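Read off the chains here:
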Amino acid sequence: MSSRRSRSRQSGGSRITDDQINELVSKLQQLLPEIRDRRSDKVSAAKVLQETCSYIRSLHREVDDLSERLSELLPTTDTAQAAIIRSLLMQ
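Residues numbered from 1 in each chain as written. Predicted model: local features only at pLDDT ≥ 70, side-chain atom pairs only at ≥ 80, totals over all residues. Heavy atoms only, no water.

Visitor: Give a detailed account of the layout of surface pockets, specifying residues and quantitative values.
Guide: Taken as a whole, the largest pocket encloses approximately 170 Å³ of empty space. The wall of the largest pocket is formed by ten residues, among which Val 25, Gln 29, Lys 42, Val 43 and Ala 45 lie closest to the centre. Element by element, the count of residues in the lining of the largest pocket is highest for helix 1 (residues 18-31), at four residues. (1 Å grid on protein atoms, 1.4 Å probe; cavity = no way out; pocket = protein on both sides within 12 Å on 5 of 7 lines; lining within 4 Å. Points joined across faces, edges and corners; volume = space filled by probe spheres on them. Helix = DSSP H or I, 4+ residues; strand = E, 2+ residues; numbered from the N terminus.)

Here it is in structure tokens:
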């Protein structure tokens, strides 16, 4: 990406520069275990975005799995404990 160019955001007409995009991609890269733990410093922005999408999908699956496990456990838990768990989940 050339730093001479800037991209227009959809809302409001404010501009985001290529340097800002590169900084945001770098921040995303630090949040992704698959990329963060690699020894190589150079990863393309496209790869970071692909890994981000994949990671978010895996987190969604994990949340779904944990929700299912919890819903299976709640009926076997006594009423007081189940109420506490439900109240924690509503926060």
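Visitor: Got a sec to walk through a negative patch on the surface? Specific residues and values, please.
Guide: On the surface, a cluster of negative charge is made up of Glu 62, Asp 64, Asp 65, Glu 68 and Glu 72. Tracing the backbone through its elements, the reader meets Asp 65 in helix 3 (residues 45-73). Residue Asp 65 is classed as partly exposed on the basis of its relative accessible area of 47%. (Patch = residues over 30% accessible without salt bridge, like charges linked within 9 Å, V, L, I, M, F, W, Y side chains within 5 Å. Areas by Shrake-Rupley, 256 points an atom, 1.4 Å probe, with all protein chains shown as cover. Salt bridge = Lys/Arg side-chain N within 4 Å of Asp/Glu carboxyl O. Lys, Arg positive; Asp, Glu negative; His and termini not counted. Charge placed at Lys NZ, Arg CZ, Asp CG, Glu CD. Buried < 20%, exposed > 50% of the residue type's maximum accessible area, 1.4 Å probe, protein only.)

Visitor: Account for the confidence of the model for the protein, with residues named and values stated.
Guide: Averaged over all residues, the pLDDT of the protein equals 82, while 82% of them reach at least 70. Summarising per-element confidence for the protein, the mean pLDDT is lowest in strand 1 (residues 6-8) (46) and highest in helix 1 (93). In this model, residues 1-10 is a region of pLDDT below 50 whose contacts with residues beyond four sequence positions or in other chains number 22 contacts. (pLDDT = per-residue confidence, 0-100. Contact = heavy atoms within 4.5 Å.)

Visitor: Any chance you could break down helix 1 for me, citing the residues and the numbers?
Guide: For helix 1, spanning 14 residues, the distance from its first C-alpha to its last is 20 Å, which sits close to the expected 20 Å at 1.5 Å a residue. Of all the positions in helix 1, only Asp 18, Ile 21, Val 25 and Gln 29 are classed as buried. Take helix 1 and look down its axis: the buried residues cluster within an arc of 80°, on one side only. Away from its buried face by more than 90 degrees, helix 1 exposes Asp 19 and Leu 31. (Expected span 1.5 Å × (residues − 1). Arc of directions from axis to C-beta.)

Visitor: Can you lay out the nonpolar core for me, pointing to particular residues and giving the numbers?
Guide: Grouped together as the largest cluster of nonpolar side chains are seven residues: Ile 16, Ile 21, Val 25, Leu 32, Ile 35, Val 43 and Val 48. Apart from the residues within four sequence positions on either side, Leu 32 is in contact with Val 48, Glu 51, Thr 52 and Tyr 55. (Core = buried A, V, L, I, M, F, W, Y, C linked by side-chain atoms within 4.5 Å.)

Visitor: Would you mind going over the pattern of salt bridges in detail, with residue names and values included?
Guide: Across all of its chains, the model carries two salt bridges by this definition. Here Lys 27 and Glu 23 are joined by a salt bridge, their closest N and O atoms 3.4 Å apart. Taken together, the residues span about one helical turn, with Lys 27 and Glu 23 both in helix 1 at a distance of four residues. The partner of Glu 51 in a salt bridge is Lys 47, and the shortest N-O contact between them spans 3.1 Å. One end of the pair, Glu 51, and the other, Lys 47, are both in helix 3, four residues apart, so they sit about a helical turn from each other. Owing to a relative accessible area of 29%, Lys 47 belongs among the partly exposed residues under this scheme.

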